[in-house]
Amino acid sequence: MVTRVDLENTYEKAKAAVAAATSLQQLDQVRVEYLGKRGKITSVLKTLGRLTPEERKEIGQVANKVRQNLEGDIKEKQEELSSEEVIKRLAAESVDITLPGREHVYGRRHLISQVIKEITDIFLGLGYKVAEGPEVELDYYNFKALNTPADHPARSLQDTFYIRKAGAHPADNDIVLRTHTSPVQIRVMKSQKPPVYIIAPGRAFRRDVPDPTHSPMFHQVEGLAVDKGITFGDLKGTLEEFSRQMFGRESQVRVVARESFEAGIAEGGQQIRLRPHFFPFTEPSAEVDVRCFACGGVGCRICGSGWLEILGAGMVDPNVLIEVGYNPEEVSGFAFGMGVERIAMLLYGVPDIRMFFENDLRFVKQF
Ligand code: DAH
């Protein structure tokens, strides 16, 4: 049988264990050990029935007292430990304001995006609106509606990425990655009546072998103006204004005779030249070159001839106007398509088009 002294000793041990607990978890172990279902004090209380009434009274009183005291001790210790734990947690979570801050790395616009924005801003200033079209395009918009016949070399497998629907016949080549931004011209004209003044920046794709001036994916900005009485003079004036703003005040567009550009003759101050060319969707057509940034027009690895072609242009072919339902007797127009990478190379002296897409941060971060 347990005596009063036994109980008091047990209490002293329990009290010491409570005092020694350093965590709430440890404290709970102590509680279970003494006050749990099979705890040392609980089991004394459970055996009270077997005692004589006098014993039961005495031991019962002591045991209950011990239980109450111990519960009180545990509660007190519990409060102490939980506030300690809160303090510890707060200390762990607190901010050390003497630590150096974490650096946020800011991104920036890619040079190509910057140049597209510069070009776009110039034309917005001239009253143009921005239009867009899909990069995966129908043959109809990319070629056929642009007066480009089935046997045109641009349509060959060597030049164009064709996309075939699953299970389609190999000859079923009606979906392409657009080879230029010109199909946007057709989409815009088919969706509205003249006058039209739009530019369409975007990606184009060709099966080109990468070299310093070619990349199978590149960017163009297309331009289209259709209105009553538009002439080649409007095209020239527009390009002149564009190149003044883009390349500097002294830029002058000269229409050069075939003989003089073939002979490589550059007049003083001439930075840009417009020379005859052929495009199926314009008549007459021209190509526009800018004097090479690297060699100044002498001819080098980058340009070959001393000049870099930056755009194609011309008067919209009447066949194209008819295709979209415009009347070539009433309206006329000019169009152009410029190579964004070429222009960026000229302006920023980038020697190789591949550098734009290698994503080397040492290059990208410079602009
Ligand atoms: N689409 C032509 C190309 O990618 C460039 C071009 C030429 C666009 C004449 C035009 C244009 O709008 O009128 O080579």
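The preceding data block contains the structure.
Just so you know, the residues in each chain are numbered from 1, in the order the chain's sequence is written. Given that this is a predicted model, residues contribute local features only at a pLDDT of at least 70 and side-chain atom pairs are listed and counted only at 80 or more, while totals for whole chains, interfaces and linings are drawn from all residues. Just so you know, side-chain values use all the structure's heavy atoms and leave hydrogens and water out.

(A) Quick peek at the pairing of strand β9 (residues 282–291). The buried fraction of β9 is high, at 8 of 10 residues. Here strand β8 (residues 272–279) runs beside β9; their pairing, made up of 7 bridges, is antiparallel. Its bridge partner being in β9, Leu-274 is matched across the sheet by Val-288. In this structure, β9 lies alongside strand β10 (residues 307–316), joined through 8 bridges in antiparallel fashion. Counted as the bridge partner of Ala-286 is Ala-313 from β10. Throughout this description, buried means an accessible area under 20% of the type-specific maximum (1.4 Å probe, protein chains only), exposed means over 50%, and partly exposed covers the range between. Note on conventions: DSSP H or I runs of at least 4 residues are helices, E runs of at least 2 residues are strands, and numbering of each starts at the N terminus. Paired strands are those between which DSSP finds at least two bridges.

(B) Layout of the nonpolar core. Note on terminology: a nonpolar core comprises buried Ala, Val, Leu, Ile, Met, Phe, Trp, Tyr and Cys residues joined through side-chain atoms within 4.5 Å. Counting residues in hydrophobic clusters, the biggest one holds 43 residues, and the most contacted among them are Ile-119, Met-338 and Phe-356. Here this core gets 7 residues from one element, more than from any other, and that element is helix α5 (residues 111–125). Residues contacting Met-338, with those up to four places away along its chain left out, are Ile-119, Phe-123, His-219, Gln-220, Val-221, Phe-242, Ile-310, Leu-311 and Ile-343. Counting 22 residues, the second largest nonpolar core, distinct from the first, contains Ala-145, Leu-146, Ala-200 and Leu-224. Contact between two residues is taken to exist if any of their heavy atoms lie within 4.5 Å; hydrogens are not considered.

(C) Expanded view of the site of the ligand. Residues are labelled near a given molecule or strand when at least one of their non-hydrogen atoms is within 4 Å of it. His-180, Gln-185, Arg-206, Gln-220 and Glu-222 are the nearest of the 15 residues found near the ligand. Identification of polar contacts relies on pairs of N or O atoms within 3.5 Å, with a donor-acceptor requirement for protein atoms, meaning one able to donate a hydrogen and the other able to accept it, and with residues adjacent in sequence counted only if both atoms are side-chain atoms. At 3.2 Å, a backbone N or O of Phe-336 approaches an oxygen atom of the ligand. Elements with a minimum of two residues in the shell around the ligand: β6 (217–227), β10 and β11 (332–339). All residues other than Ala, Val, Leu, Ile, Met, Phe, Trp, Tyr, Cys, Pro, Asp, Glu, Lys and Arg, Gly among them, are scored as polar; the first ten of these are nonpolar and the last four charged. Here the residues of the shell around the ligand sort into 5 nonpolar, 8 polar and 2 charged.

(D) Just helix α1 (residues 4–20), in detail. Its 17 residues give α1 an end-to-end C-alpha distance of 24 Å, which sits within 8% of 24 Å, the value for a rise of 1.5 Å per residue. Along α1, the residues that are buried comprise Leu-7, Thr-10, Tyr-11, Ala-14 and Val-18. For α1, the angular spread of the buried residues around the axis is 105°, confining them to a single face. Turned more than 90 degrees off the buried face of α1, the exposed positions are Lys-13, Ala-19 and Ala-20. Here the expected span of a helix is defined as 1.5 Å times the quantity of residues minus one. Arc definition: directions from the helix axis to the C-beta atoms.

(E) Layout of the environment of Tyr-34. Mapped onto the elements of the fold, Tyr-34 is located in helix α2 (residues 24–35). Owing to a relative accessible area of 4%, Tyr-34 belongs among the buried residues under this scheme. Sequence separation between Tyr-34 and Gln-158 is 124 residues, and the spatial gap between their C-alpha atoms is 89 Å. If sequence neighbours within four positions are ignored, Tyr-34 has contacts with Thr-10, Lys-13, Ala-14, Gly-39, Lys-40, Ile-41, Thr-42 and Leu-70.

(F) Region of interest: the sheet that holds strand β2 (residues 136–138). Spatial ordering of the open sheet is given by β2-β4-β3, a layout of 3 strands whose pairing is antiparallel. With one partner strand each, in any of the chains shown, β2 and β3 (162–163) form the two edges of the open sheet. Pairing analysis gives 2 bridges linking β3 to strand β4 (residues 175–177), with the strands arranged antiparallel. When the bridges of β4 are listed, Tyr-162 appears paired with Val-176.

(G) Region of the structure containing the pattern of salt bridges. One speaks of a salt bridge when a side-chain nitrogen belonging to Lys or Arg is within 4 Å of a carboxyl oxygen belonging to Asp or Glu. In this structure the tally under the stated criterion is 14 salt bridges. The salt bridge partner of Glu-33 is Lys-40, with a shortest N-O separation of 2.9 Å. Judged by relative accessible area, Glu-33 falls into the partly exposed class, the value being 37%. You can call Lys-40 partly exposed: its relative accessible area is 41%. Between Asp-121 and Lys-117 there is a salt bridge; the shortest N-O distance is 3.2 Å. A residue pair is termed a helical-turn pair when its members lie 3 or 4 positions apart in one helix, as Asp-121 and Lys-117 do in helix α5 at 4 residues. Connected through salt bridges with shared partners, the residues Arg-273, Arg-275, Glu-287 and Asp-289 form a single ionic network.

(H) Looking closely at the packing of aromatic side chains. Any pair of Phe, Tyr and Trp rings, taking the six-membered ring for Trp, is counted once the centres come within 6.5 Å. Such a pair is stacked with planes under 30 degrees apart, edge-to-face with planes over 60 apart, and tilted for the rest. For the structure on display, the rule yields 10 aromatic pairs. Over the ring of Tyr-141 we find Arg-187; its NZ or CZ atom is 4.0 Å from the centre of that ring. A ring is scored as having a charge over it whenever the NZ atom of a lysine or the CZ atom of an arginine sits within 6 Å of its centre and within 35 degrees of its normal.

(I) Highlighting the packing of α1 against helix α4 (residues 53–93). Angular values range over 0 to 180 degrees, each being the angle between N-to-C directions of two axes fitted as lines to C-alpha atoms, with helices fitted over their stretch in contact. Their axes nearest at 10 Å, the elements α1 and α4 cross at an angle of 5°. In terms of orientation, α1 and α4 fall into the roughly parallel class. Contact residues: α1 offers Arg-4, Leu-7, Tyr-11, Ala-14, Lys-15, Val-18 and Ala-19, while α4 offers Glu-58, Ile-59, Val-62, Ala-63, Val-66, Asn-69, Leu-70, Asp-73, Ile-74 and Lys-77. Looking at side-chain class alone, the contact of α1 with α4 contains 11 nonpolar, 1 polar and 5 charged residues. Angle categories are assigned with fixed cut-offs, so that under 35 degrees is roughly parallel, over 145 is roughly antiparallel, 65 to 115 is roughly perpendicular, and the rest are oblique.

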